[in-house]
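Coordinates in review
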Amino acid sequence: MATQPAYTGRFAPSPTGPLHAGSMVAALASYLDARAHHGRWLVRIEDVDEGRSVAGTADDMLGLLHQLGMQWDGDVVWQSRRGALYQAAFDQLGFHAYPCGCNRREIADSRLGTAPDGSAIYPGTCRQGLGAGKSMRSLRLRVPEAGADLIEFADRFAGPIAHHLAQDAGDFVLKRADGFWAYQLAVVVDDAQQGVTDIVRGADLLDSTPRQIYLQRLLGLPTPRYLHVPVLRNEHGEKLSKQTGAAAVAPRNEAEAVAVLLAAARGLALPLERAGSLAGFWRAAVPAWAALLQDRADELCD
Ligand code: GLU
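Remember, it's a predicted structure, so these values are computed and weren't measured experimentally.

Observations concerning the environment of Gln128
- On the secondary structure map, Gln128 appears in the loop between α4 (104–109) and β5 (138–141).
- Considered as a pair, Gln128 and Tyr98 are 30 residues apart in the sequence and their alpha carbons are 8.6 Å apart.

Notes on helix α7 (residues 209–219)
- Counting buried positions over the 11 residues of α7 gives nine, a clear majority of the element.
- Listed in full, the buried residues belonging to α7 are Thr209, Pro210, Arg211, Gln212, Ile213, Tyr214, Leu215, Gln216 and Leu219.
- The first or second residue beyond α7 is Gly220, which carries a positive phi of 70°.

Remarks on the sheet that holds strand β1 (residues 8–11)
- Pairing in this open sheet of three strands is parallel, and the strands run β1-β2-β3 from one edge to the other. One side of each edge strand has no neighbouring strand; the edge strands of this open sheet are β1 and β3 (77–78).
- Bridging between strand β2 (residues 40–45) and β3 involves two bridges; their strand directions are parallel. Note on β3: the bridge partner recorded for Arg44 is Val77.
- Helix α1 (residues 21–36) rests against β1 and β2 of the sheet, and its axis sits at about 150° to β2.
- Packed on one face of the sheet, helix α2 (residues 57–67) meets β1, β2 and β3 and runs near 160° to β2.

With respect to the packing of aromatic side chains
- Evaluation of the coordinates by the stated rule reveals six aromatic pairs.
- When the ring of Phe90 is compared with that of Trp181, the centres are 5.8 Å apart and the planes differ by 50°; the resulting orientation is tilted. Taken as a pair, Phe90 in helix α3 (residues 83–93) and Trp181 in the loop between β8 (172–175) and α6 (183–193) lie far apart in primary sequence, 91 residues in all.
- Judged by its relative accessible area of 14%, Phe90 falls in the buried class.
- Ring centres of Phe153 and Tyr226 lie 5.7 Å apart, and the angle between their planes is 65°; on these two criteria the pair is classed as edge-to-face. A residue pair is termed long-range when its members are at least 10 positions apart, and Phe153 in strand β6 (residues 150–155) and Tyr226 in strand β10 (residues 225–229) qualify at 73 residues.
- One aromatic cluster is present, built from ring pairs that chain together Phe11, Tyr31, Trp41, Phe281 and Trp282.
- The ring of Phe95 is capped by Arg142, whose NZ or CZ atom sits 4.5 Å from the centre of that ring.

What about the sheet that holds strand β4 (residues 97–100)?
- Strands sit in the order β4-β5-β8 across an open sheet of three strands; the sheet is antiparallel. Among the strands making up the open sheet, the edge pair consists of β4 and β8. When strand polarity is set aside, the average angle formed by the axes of neighbouring strands in this sheet is 45°.
- Bridge count for β5 against β8 is three bridges, and the pairing is antiparallel. Looking at β8, one finds that Leu141 is bridged to Phe172.

Comments concerning the site of the ligand
- Lining the immediate environment of the ligand, one finds Arg10, Ala12, Pro13, Ser14, Glu46, Tyr183, Val187, Arg201 and Leu205.
- The separation between a nitrogen atom of the ligand and a polar side-chain atom of Ser14 is 2.8 Å.
- Coverage of the ligand by the protein chains reaches 79% of its 290 Å² of free accessible surface.
- Considering only residue class, the shell around the ligand consists of five nonpolar, one polar and three charged.

A word on the UniProt feature "binding site: ATP" (unreviewed entry) in the protein
- UniProt's feature table lists "binding site: ATP" (unreviewed entry) at Lys242, given in the numbering used throughout.
- Tracing the backbone through its elements, the reader meets Lys242 in the loop between β10 and α8 (254–267).
- For Lys242, a relative accessible area of 43% gives the class partly exposed.

A short note on the packing of α8 against helix α9 (residues 278–301)
- At a closest axis distance of 9 Å, the pairing of α8 and α9 adopts a crossing angle of 20°. With respect to α9, the element α8 is oriented roughly parallel. The segment α8 lies against α9, with Glu254, Ala257, Val258, Leu261, Leu262 and Ala265 engaging Leu278, Phe281 and Trp282.

The rules behind these values
Residues numbered from 1 in each chain as written. Predicted model: local features only at pLDDT ≥ 70, side-chain atom pairs only at ≥ 80, totals over all residues. Heavy atoms only, no water. Helix = DSSP H or I, 4+ residues; strand = E, 2+ residues; numbered from the N terminus. Buried < 20%, exposed > 50% of the residue type's maximum accessible area, 1.4 Å probe, protein only. Pairing = 2+ DSSP bridges. Contact = heavy atoms within 4.5 Å. Axes fitted to C-alpha atoms, helices over the stretch in contact; angles between N-to-C directions. Phe/Tyr/Trp six-rings, centres within 6.5 Å; stacked < 30°, edge-to-face > 60°. Lys NZ or Arg CZ within 6 Å of the ring centre and 35° of its normal. Near = heavy atom within 4 Å. Polar contact = N/O pair within 3.5 Å; in protein donor to acceptor, adjacent residues only side chain to side chain. Areas by Shrake-Rupley, 256 points an atom, 1.4 Å probe, with all protein chains shown as cover. Nonpolar A, V, L, I, M, F, W, Y, C, P; charged D, E, K, R; others polar. UniProt positions renumbered as here; feature names shortened; annotations may be inferred. Parallel < 35°, antiparallel > 145°, perpendicular 65-115°, else oblique.

Below, the structure is given as structure tokens:
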């Protein structure tokens, strides 16, 4: 029988725009963590939202990772080809999922407030069935009532996290009104199906993790370890993203490739001043990451 590798990590970019300095930090952290653990590092293209995917972007991302010396293990997985897996997982959820006929405005009007990720908290209008005159728009997951909705986990970087699903997220979408499966469902199904043991990604996804852990529990899937690294912000304090005008990373030669990696390493507070080559960068970066994480683990224990 094949034995399960002790560590499988992944980088899971959405091909909605080219990789920029901010996404490079998450890519580098997940790669270094996998290498420091002598584990596998997978790449998954999160193009589940086909409406937002930009043609050619995924191939450019893969070309860039290769150019930087970040070689992935196994085949690249594309979410847009995995609808049957998401449907099968959804079917398993039974009573926990329900059709919802509310539109954005109706949910916003209920003024239940917004989740930390900015989405409006669903007031539960369709929990007991679609209201008169409503037809299904999306499919939602029923979260437990306040009092039974606490999800806790230990993040390897951020420390202990506690989150109340009812108050901090509300019943969330599994299949969207535009017909695409939602990120929360796809990511849980894929991480489990790919045997991912360790998720290393940007802290902007910290608030999604409790929803993902809840889904894992409902689906009988293991919960991986989590490590969320700080995100890079621009001078206005906004997270670097295509929307906030972050420039694409496009090194033209090895020296520029090393500069890209050194910049990402600075975002992780890795003490690397310079490197003469890609090979030199990686030789220094893997132990530097291991040392940084050991210090962090010690701090979290104190
Ligand atoms: N596709 C997500 C993004 O690009 C990352 C998802 C994840 O790492 O779980 O922001």
